[in-house]
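An overview of the molecular structure
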Amino acid sequence: MWDLLVTLGNIIVIPALLMMVLDKKLYVPRLSSAMSLVGLTFVMIGLVGGGFILSPIVLGVITAMWLFIFLFRATPADHQKADVVPELGTEIHHIPSVAESE
């Protein structure tokens, strides 16, 4: 019974992730997607260890979607200008305004 409940809860996440996977303009920093991948992997291992069957399979699909996002959505689609912030170890991307694009 719990396996079915966890599986249904995970299935609800798939449409949102599918929209993220299909959106070529989407930008997700690698650090964010990597943390999601690591967290989901640990949860999947825990579910398998707990004897669940369906929910680790669905979670594997969700993890595969996050892997796709990690691999292919880590750079902005239009390669916007970026400023590196060494203190944070990340980049800040500037979204062009309407005036800049004209």
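In short, a report on the structure. Keep in mind that this is a model prediction, so the values were computed, not measured.

1. Here's the deal with the side chain of threonine 63
Relative to the helices and strands, threonine 63 resides in helix α4 (residues 54–72). Looking at threonine 63, the relative accessible area reads 10%, which means it is buried. Excluding anything up to four places from it in sequence, threonine 63 contacts Leu37, Leu40, Thr41 and Met44.

2. A look at the environment of leucine 4
Within the secondary structure, leucine 4 is located in helix α1 (residues 2–11). With 50 residues separating them along the chain, leucine 4 and leucine 54 place their C-alpha atoms 7.1 Å apart.

3. A short note on α1
Listed as buried for α1 are Asp3, Thr7 and Asn10. Taken end-on, α1 shows its buried residues confined to a sector of 65°, consistent with a single buried face.

4. Brief notes about the packing of α1 against α4
Running from N to C, α1 and α4 point in directions that differ by 15°, and their axes come no closer than 8 Å. Our classification of the angle between α1 and α4 gives roughly parallel. α4 is crossed by α1, and the crossing has left-handed handedness. Across the interface between the two elements, Asp3, Val6, Thr7, Asn10 and Ile11 of α1 pack against Leu54, Ser55, Pro56, Val58, Leu59 and Ile62 of α4. Classifying every residue of the contact of α1 with α4 gives 7 nonpolar, 3 polar and 1 charged.

Calculation notes
Residues numbered from 1 in each chain as written. Predicted model: local features only at pLDDT ≥ 70, side-chain atom pairs only at ≥ 80, totals over all residues. Heavy atoms only, no water. Helix = DSSP H or I, 4+ residues; strand = E, 2+ residues; numbered from the N terminus. Buried < 20%, exposed > 50% of the residue type's maximum accessible area, 1.4 Å probe, protein only. Contact = heavy atoms within 4.5 Å. Arc of directions from axis to C-beta. Axes fitted to C-alpha atoms, helices over the stretch in contact; angles between N-to-C directions. Parallel < 35°, antiparallel > 145°, perpendicular 65-115°, else oblique. Left-handed = near helix turned anticlockwise from the far one by under 90°. Nonpolar A, V, L, I, M, F, W, Y, C, P; charged D, E, K, R; others polar.

Keep in mind that these numbers describe shape and distance, not what the molecule does.
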